[in-house]
Amino acid sequence: MRVLHTSDWHLGRAFHRVSLLDAQAAFIDHLVSVVREEQVDAVVVAGDVYDRAVPPLSAVELFDDALHRLADLGVPVVMISGNHDSARRLGVGAGLIGKAGIHLRTAPADCGTPVVLRDTHGDVAFYGLPYLEPALVKDEFKVDKPAHEPVLAAAMDRVRADLSVREAGTRSVVLAHAFVTGGEPSDSERDITVGGVQSVPAGVFDGVDYVALGHLHGCQTLTERVRYSGSPLAYSFSEQHHRKTMWLVDLGPGGEVSAERIDCPVPRPLARIEGRLDDLLADPDLAALTEHWVEAMLTDPVRPDEPMAQLAERFPHVLSLVFAPERRPGEAQASYAQRLKDRSDEQIAVDFVAHVRGAGPDEAEQALLRGAFDAVRVDETVREVAR
């Protein structure tokens, strides 16, 4: 069976306030062409279909167009909700849409109920594990600790239990939206840290033939059977070196896996440049970047006048400006923003306590802080879905 693995469409998302709707529409055109030309048997979309729980109408219309075109090809689609999606909204009409071959898996209770497709070698069971917010699904999975690993482990126990009673030789594909240990994040994924931990070990998914992951935006191979497709477009300048692709996966009669990367259209390449403003404006080596989306880091000791306007004269598509002035010996070497980069909210709070008190929080206090941040994140998730 030939499976096209994609994820993290983030329909409705902009790139530094530049609309990506046309680029996302071009990706959908490309996706449909690949399905047709490569004779794909099934398409899997591993979450984050939309960029937010209540997407703009233009994003919903593009999603509707994609579903109609894939249904017209007669190729089954299995799709799960991600942490950016509203699972309940995305799942509206799932039963009816399923009759057209578009299978939406957004309810945690359905993790052990597969979409079963058949080829000349027998059945392939597709299990959809939508993003599982631990605090909201711990009762469903009867786990004591609301954390990613026990929740996903319980969901996979249901998968393996269902698979064990199916006909011998049934092959299996799991779709999951999670941060799996070993994956490389970028700046554009939303933090899903729970209890100070955001990742789960790949071993959680043992026992199935292929795991189609979503959430991280870089295409990655964690094991031969566990892969991220990544996002089809770049959503941050940290992705400037990403090769945006989908996985074309061939699942053999005995569960053998072979995979090929299929490139996605690039609306405009990305570039990060760094230096003093006058140097950036004069450097002949940067002449090739006039058609790139550009992020410029200025190292001038004093902020120049109207730097964005000057940069735009040479780089018409400059979108982001970072000011990181050169420091004299003995001066602090990092700005406040730079010191906070790559640090979680909890780490920042711990540092703040240490700064104002002279000593960091003890174990009980860290647990209290961790619980507060978890509660806020869950509350925001509930409020966003309820809007």
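One can find the structure itself at the top, above this paragraph.
Cut-offs and rules
Residues numbered from 1 in each chain as written. Predicted model: local features only at pLDDT ≥ 70, side-chain atom pairs only at ≥ 80, totals over all residues. Heavy atoms only, no water. Helix = DSSP H or I, 4+ residues; strand = E, 2+ residues; numbered from the N terminus. Contact = heavy atoms within 4.5 Å. Areas by Shrake-Rupley, 256 points an atom, 1.4 Å probe, with all protein chains shown as cover. Pairing = 2+ DSSP bridges. Axes fitted to C-alpha atoms, helices over the stretch in contact; angles between N-to-C directions. Core = buried A, V, L, I, M, F, W, Y, C linked by side-chain atoms within 4.5 Å. Buried < 20%, exposed > 50% of the residue type's maximum accessible area, 1.4 Å probe, protein only. Arc of directions from axis to C-beta. Salt bridge = Lys/Arg side-chain N within 4 Å of Asp/Glu carboxyl O. Parallel < 35°, antiparallel > 145°, perpendicular 65-115°, else oblique. Nonpolar A, V, L, I, M, F, W, Y, C, P; charged D, E, K, R; others polar.

**Q** Sorry if this is basic, but what is going on with the overall build of the chain here?
**A** Along the backbone of the chain there are 11 helices and 19 strands. Seen through its C-alpha atoms, the chain measures out along the principal axes to roughly 70 × 55 × 40 Å. Partitioning the intrachain contacts of the chain with sequence separation of at least 6 by distance along the chain shows that 69% fall at a separation of at least 24. Carbon and sulfur atoms provide 51% of the accessible area of the chain, an area that totals close to 18400 Å².

**Q** What exactly am I supposed to notice about the sheet that holds strand S16 (residues 257-263) here?
**A** The pairing of strands in a sheet comes from backbone hydrogen bonds and takes either a parallel or an antiparallel form. Spatially, 6 strands are ordered S6-S5-S4-S1-S15-S16 in an open sheet, and the strand pairing comes out mixed. Both outer strands of the open sheet, strand S6 (102-105) and S16, are each paired with one neighbouring strand and no more. Between one strand axis and the next, the sheet turns through 20° on average, direction left out of account. The pairing of strand S15 (residues 245-251) with S16 spans 7 bridges and is classified as antiparallel. Its bridge partner being in S16, Asp250 is matched across the sheet by Ser258.

**Q** What's the story with the nonpolar core in this structure? I'm lost.
**A** The tendency in soluble globular proteins is for nonpolar side chains to be buried as a group. Counting 31 residues, the largest nonpolar core has Leu129, Phe141, Leu152, Met156, Val174, Phe205 and Leu213 as the members making the most contacts within it. Secondary-structure elements contributing two or more residues to this core are strand S8 (122-129), helix H5 (134-141), helix H6 (148-164), strand S9 (171-177), strand S10 (179-180), strand S12 (210-214) and strand S14 (226-228). For this core, the leading source of residues is H6, giving 7 residues. Leave out the neighbours within four places in its chain, and Met156 touches Leu129, Val174, Val204, Phe205, Asp206 and Val208. Formed by 30 residues, the second largest nonpolar core is a distinct cluster that contains Leu70, Leu90, Leu104 and Met246.

**Q** Help me out: how do you make sense of helix H8 (residues 307-314) in this one?
**A** Buried within H8 are the following residues: Pro307, Leu311 and Arg314. Taken around the axis of H8, the buried residues stretch over an arc of 55°, which confines them to a single face. Summarising the contacts, the buried residues of H8 are in contact with helix H7 (277-282), strand S18 (293-298) and strand S19 (318-323).

**Q** Can you walk me through the pattern of salt bridges in this structure?
**A** If the charged atoms of two oppositely charged side chains come close together, the side chains can form a pair. Counted according to the given criterion, the structure contains 19 salt bridges. A salt bridge links Asp51 to Arg13; the nearest nitrogen and oxygen atoms lie 3.3 Å apart. With Asp51 in the loop between strand S4 (42-46) and helix H2 (57-73) and Arg13 in the loop between strand S1 (2-6) and strand S2 (14-15), this residue pair connects regions lying 38 residues apart in the sequence. Accessibility assignment for this pair places Asp51 and Arg13 in one class, buried. Glu239 is the partner of Lys244 in a salt bridge, and the nearest nitrogen-oxygen pair spans 2.7 Å. Judged by relative accessible area, which is 1%, Glu239 ranks as buried. It is possible to trace a salt-bridge network through shared partners that takes in Arg2, Glu38 and Asp250.

**Q** Explain the packing of helix H1 (residues 21-37) against H2 here, please?
**A** For any two helices packed against each other, one specifies the crossing angle of their axes together with the interaxial distance. Here H1 crosses H2 at 10°, and the two axes come no closer than 10 Å. Looking at the two axes, H1 sits roughly parallel to H2. On H2, the residues that touch Leu21, Gln24, Ala25, Ile28, Asp29, Leu31, Val32, Val35 and Arg36 of H1 are Ser58, Leu62, Ala66, Arg69, Leu70 and Leu73. Each residue belonging to the contact of H1 with H2 can be placed in one class, and the counts come to 10 nonpolar, 2 polar and 3 charged.

**Q** Would you mind going over the sheet that holds S8 with me for this structure?
**A** Taking strand neighbours across the sheet as the criterion, the 6 strands line up as S7-S8-S9-S12-S14-S13 in an open arrangement whose pairing is mixed. A strand with exactly one partner marks an edge of an open sheet, and here the two such strands are strand S7 (115-119) and strand S13 (220-223). Neighbour-to-neighbour, the strand axes of the sheet open up by a mean angle of 20°, direction not taken into account. In the sheet, S7 pairs with S8 via 5 bridges, with the strands oriented antiparallel. The residue of S8 that forms the bridge with Leu117 is Val124. The sheet contacts of H6 involve S8 and S9, and relative to S8 the element is tilted by about 160°.

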